Amino acid sequence: MNKIAPIAVLVCLCATWVQASEVRGEITLAKEMVRKALPPAVYDLRGIAVHEKPSPAASPRRFARIAVWLEGGLSAPAAGLATMQQRGRRFEPDLLIISPGSKVNFPNLDPIFHNIFSLSRTQAFDLGYYAEGKSHEALFSRQGIVQVYCHVHPEMYGVIVVTSSRWTAKPAADGTFSWSDVPPGKYRVMVWQRSAGLIHKTISVPETGSVQVNFNLPEDDIDK
């Protein structure tokens, strides 16, 4: 009897592992959906909102500033430490996806001062002025979208997506994304893009097989 028990446990574990499906998706950026995007709100040192056109040099690749994640299912992965550095008056990377409770370092690699801040409802912060070679950090404890700016350089713009999802992604160069270890159940596929904002679709994942979900988004002017 003792020799059979481990085998039974192994069979059970294997069966559980098999009951997971793949979620695949594709994001299409449609030029016919182009609309004039509002410039980002940039806050000067007196707290007054002003607007400036983003620098063309700051435009990332077409899909580089799109975040995709799956809501529902298992609990979030452990909190960690990420980095959003300042180089060439840009954030690198300009999009992070992190778990609640994670910290983000903001090292300054430019030979000038920066002052990184956010007025987002999810997480407002102001790191103050600091010079080249210095790094300040912020803790992100709540889920949501955090838009990041610099008091000194209005063309600088970054995004931090804080989510408890175990399944997150940035689309590949062709706009596709996938997760291969999704247990059966109902989920929401969340997509964030600067022009479209936060959108989602509800899907039902079967015990085996795959689910395809597609999104049509406007071509983001700053991503050209």
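The structure we're discussing is the one just above.
Parameters and conventions
- Here, residues in each chain are numbered from 1, in the same order as that chain's written sequence.
- Given that the model is predicted, a residue must reach a pLDDT of at least 70 before its local features are reported, and side-chain atom pairs must reach 80 or more before they are shown or counted; all residues, however, enter totals for whole chains, interfaces and linings.
- In computing side-chain properties, one takes all heavy atoms of the structure into account and sets aside hydrogens as well as water.
- The helix count covers DSSP runs of H or I at least four residues long, the strand count covers runs of E at least two residues long, and both are numbered beginning at the N terminus.
- Buried means the residue's accessible area, taken with a 1.4 Å probe over protein chains only, is under 20% of the maximum for its type, while exposed means over 50%, and partly exposed covers the values in between.
- For this analysis, residues touch if any pair of their heavy atoms sits within 4.5 Å.
- Here, Shrake-Rupley sampling with a 1.4 Å probe gives the accessible areas, and only protein chains in the shown set may cover a residue.
- Between any two strands, pairing holds if DSSP finds at least two bridges.
- Note on definitions: angles span 0 to 180 degrees between N-to-C directions of axes, and those axes are lines fitted to C-alpha atoms, for helices only across the stretch in contact.
- When a carboxyl oxygen of Asp or Glu is within 4 Å of a side-chain nitrogen of Lys or Arg, the pair counts as a salt bridge.
- Exposure above 30% relative accessible area and the lack of any salt bridge qualify a residue for a patch; like charges then connect within 9 Å, and the nonpolar side chains Val, Leu, Ile, Met, Phe, Trp and Tyr within 5 Å.
- Between 30 and 60 degrees the pair is tilted, below 30 it is stacked and above 60 it is edge-to-face, where a pair is any two Phe, Tyr or Trp rings, Trp via its six-membered ring, whose centres lie within 6.5 Å.

Peer 1: I would appreciate a short explanation of the overall build of the protein chain in the present structure.
Peer 2: The number of helices and strands found in the protein chain is one helix and 19 strands. Counting over 224 residues, the protein chain shows a buried share of 41%. At a minimum sequence separation of 6, the contacts of the protein chain that also span at least 24 residues come to 63%. Accessible area for the protein chain stands at about 12,100 Å²; split by element, carbon and sulfur atoms hold 55% of it.

Peer 1: Sorry if this is basic, but what is going on with the sheet that holds strand S14 (residues 157-162) here?
Peer 2: Within a sheet, adjacent strands bond to each other through the backbone by hydrogen bonds, running parallel or antiparallel. Across the sheet, which stays open at both edges, the five strands sit in the order S8-S14-S13-S10-S11 with mixed pairing between neighbours. The open sheet terminates on both sides in strands that have one partner only, identified here as strand S8 (95-98) and strand S11 (124-130). Shown here is a sheet whose adjacent strand axes are inclined to one another by a mean of 20 degrees, direction ignored. Pairing analysis gives five bridges linking strand S10 (residues 114-119) to S11, with the strands arranged antiparallel. Looking across to S11, one finds that Asn115 is bridged to Tyr129.

Peer 1: What is the right way to look at the pattern of salt bridges in this model?
Peer 2: It is possible for side chains bearing opposite charge to pair when their charged atoms get close. In this structure the tally under the stated criterion is six salt bridges. Two residues, Asp94 and Arg65, come together in a salt bridge whose shortest N-O distance is 2.8 Å. Remark: Arg65 occurs in the loop between strand S3 (49-51) and strand S4 (66-71) and Asp94 occurs in the loop between strand S7 (90-92) and S8; sequence separation between them is 29 residues. As far as burial versus exposure is concerned, Asp94 and Arg65 are alike and both buried.

Peer 1: Sorry if this is basic, but what is going on with the pairing of S10 here?
Peer 2: Judged by how many residues are buried, S10 sits mostly within the fold: five of six residues are covered. If you look at the hairpin formed by S10 and S11, you'll find four residues sitting between the two strands. Where S10 lies against strand S13 (residues 144-150), two bridges are found, and the strand directions are antiparallel. By the bridge assignment for S13, Phe117 is matched with Tyr149.

Peer 1: So what exactly am I meant to see when it comes to the sheet that holds strand S1 (residues 21-30) here?
Peer 2: With mixed pairing, the three strands of this open sheet are ordered in space as S16-S1-S19. One side of each edge strand has no neighbouring strand; the edge strands of this open sheet are strand S16 (176-182) and strand S19 (210-218). Shown here is a sheet whose adjacent strand axes are inclined to one another by a mean of 15 degrees, direction ignored. The pairing of S1 with S16 spans five bridges and is antiparallel. Directly across from Gly25, in S16, lies its bridge partner Phe177.

Peer 1: Hey, could you run me through a nonpolar patch on the surface in this one?
Peer 2: On the surface, Phe113, Tyr129 and Val152 cluster together into a nonpolar patch covering about 290 Å² of accessible area. Within the fold, Val152 resides in the loop between S13 and S14. Here Val152 falls in the partly exposed class, since its relative accessible area comes to 35%.

Peer 1: Could you clarify how one ought to interpret the packing of aromatic side chains in this entry?
Peer 2: To describe a pair of aromatic rings, you give the distance between the ring centres and the angle between the ring planes. Taken as a whole, this structure holds six aromatic pairs when the rule is applied. Centroid distance Phe106 to Phe125: 5.8 Å. Interplanar angle 35 degrees. Geometry classified as tilted. Separated by 19 residues along the polypeptide, Phe106 in strand S9 (residues 102-107) and Phe125 in strand S11 bring together distant segments of the chain. Looking at Phe125, the relative accessible area reads 11%, which means it is buried. Seen from their ring centres, Phe177 and Trp179 are 5.4 Å apart, and the 55 degrees between their planes marks the pair as tilted.

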